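# Topology and contacts: notes
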Amino acid sequence: MARRKKIYEGKAKDLFEGPEPGTIVQYFKDNASAGNGEKKAVIEGKGVLNNRLSEFFMLGLQQIGIPTHFIKRLNMREQLVRQVEIIPLEVIVRNYAAGTMAKRLGMEEGTALPRPIVEFSYKNDDLGDPLVPEEYIIAFGWASQQDMDDIVSLALRVNDFLAGTMYGVGIKLVDFKIEIGRLWDNDFQRLVVADEISPDSCRLWDIETGQKLDKDVFRRDLGSLSDAYTEVAKRLGVLPSNVTHTPHKPTLIN
Ligand code: 5GP
């Protein structure tokens, strides 16, 4: 790792300069955080699982023609991706009410929505990633109307793919968050799915039992996060053979 220049340190991932111009190496850490960084822990093996799971989802999207930043996985914790200009939005798709939507509207978690709903938060930790209407996004120049139409259509296609894939292994896709990047080919701009797709950024419930298999296990102290992610990886057939699986509790690193 020391060979590479770190260009960004995130909560769950660090980014390093890639081997060629226009590439970046994403390094998946074991750090978990919730409540905008108020709750923190190290969950051994989480980075390895998320690296594998994100690779699995990004490759699946590419196979059905949805563009992503993903190039290839390099090793247990690193993947090579194309350098993109991240649009400062969290694009959230919801199939069932949960989390902030359930709280904001007083809905019972798990209520089926009449159709998938796409919403946007402004990516800003200091402000707690506030929900923003499309009107703000366009007025403030974060994205154009055309970009927003493309982003909604991309998000709904990702939803169809992820919901179908998860349904096939007995898991309900309640909601998820993606980030979108701009990729420039000379003057031509393409929007691609960037960042990561993993149980850190989705709500995944077992269809039979309703058991949570995502980061809510950590956010709400519901048990072992690594057990939950391992279960998702196992069902999808992407469990790396040498993930260290520990019965120990997460280490708090306040
Ligand atoms: P909510 O708005 O209900 O908290 O989150 C909706 C969905 O987006 C959930 O699947 C949640 O995991 C994901 N999400 C929202 N904000 C973030 C974030 O800052 N980081 C990650 N990794 N996922 C997020």
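Before going into details, it helps to say that this report is about the structure given with it. (Residues numbered from 1 in each chain as written. Predicted model: local features only at pLDDT ≥ 70, side-chain atom pairs only at ≥ 80, totals over all residues. Heavy atoms only, no water.)

### Comments concerning the side chain of T68
Test applied: Counting from the N terminus, the helices are DSSP H or I runs at least four residues long and the strands are E runs at least two residues long. Definition of a polar contact: a pair of N or O atoms within 3.5 Å, with one able to donate and the other able to accept a hydrogen when the atoms are protein atoms, and with sequence-neighbouring residues admitted only if both atoms are side-chain atoms. Whether two residues are in contact is decided by their heavy atoms: any pair within 4.5 Å suffices.
Structurally, T68 can be placed in the loop between α1 (46-63) and β6 (70-73). A polar side-chain atom of T68 sits 2.6 Å from a polar atom in the side chain of Q62. From its side chain, T68 meets the backbone nitrogen of F70 in a polar contact 3.0 Å long. Beyond its immediate sequence surroundings of up to four residues, T68 is in contact with M58, L61, Q62, V192 and V193.

### Remarks on the packing of aromatic side chains
Defined as follows: Two rings from Phe, Tyr or Trp (for Trp, the six-membered ring) form a pair when their centres are within 6.5 Å of each other. A pair whose planes differ by under 30 degrees is stacked, one over 60 is edge-to-face, and the rest are tilted. Only protein chains enter the accessibility calculation, which uses a 1.4 Å probe; a residue is then buried when its area is under 20% of its type maximum, exposed when over 50%, and partly exposed in between. Charge over a ring is defined by NZ of Lys or CZ of Arg lying within 6 Å of the ring centre and within 35 degrees of the ring normal.
Counting across every chain of the model gives five aromatic pairs. Relative to F57, the ring of F56 has its centre 5.5 Å away and its plane inclined at 70°; by these criteria the two rings are edge-to-face. With 5.3 Å between their ring centres and 50° between their planes, F140 and W142 make a pair best called tilted. A residue is classified by how much of its surface remains accessible, and W142, at 19% relative accessible area, is buried. Taken together, the aromatic side chains of Y122, Y136, F140 and W142 make up a single cluster linked through ring pairs. Positioned over the ring face of Y96 is K172, at 4.4 Å from the centre of the ring. The side chain of K212 reaches across the aromatic face of W205, ending 4.4 Å from its centre.

### Considering the packing of α1 against helix α4 (residues 145-167)
Convention followed: Helix axes are fitted to C-alpha atoms over the stretch in contact, other axes to C-alpha atoms as well, and angles between N-to-C directions run from 0 to 180 degrees. Between 65 and 115 degrees an angle is taken as roughly perpendicular, under 35 as roughly parallel, over 145 as roughly antiparallel, and anywhere else as oblique. For any helix crossing, the convention is left-handed if the near helix is rotated counterclockwise from the far helix by under a right angle, and right-handed if that rotation is clockwise.
Contact geometry for α1 and α4: axes closest at 11 Å, N-to-C directions at 120°. The angle between the axes of α1 and α4 places the two elements in the oblique class. The crossing of α1 and α4 is right-handed. From α1, F56, F57, G60 and L61 reach across to α4, where they touch V158, F161, L162, T165 and M166.

### Notes on the site of the ligand
Defined as follows: Nearness is judged by heavy atoms alone; a residue qualifies as near a molecule or strand once a single heavy atom is within 4 Å of it. Note on areas: these come from Shrake-Rupley sampling with a 1.4 Å probe, and a residue is covered only by the protein chains present in the view. Here the term charged refers only to Asp, Glu, Lys and Arg, the term nonpolar to Ala, Val, Leu, Ile, Met, Phe, Trp, Tyr, Cys and Pro, and the term polar to all other amino acids, Gly among them.
Close to the ligand lie 15 residues; E90, R94, T100, D175 and R203 are nearest. One of the backbone nitrogen or oxygen atoms of D200 is found 3.2 Å away from a nitrogen atom of the ligand. For the ligand, the protein covers 80% of the area, taking 500 Å² as the surface of the free molecule. Listing elements by their share of the shell around the ligand, those giving two or more residues are β9 (89-96), α2 (99-105), β11 (171-185) and β13 (202-206). Looking at side-chain class alone, the shell around the ligand contains four nonpolar, three polar and eight charged residues.

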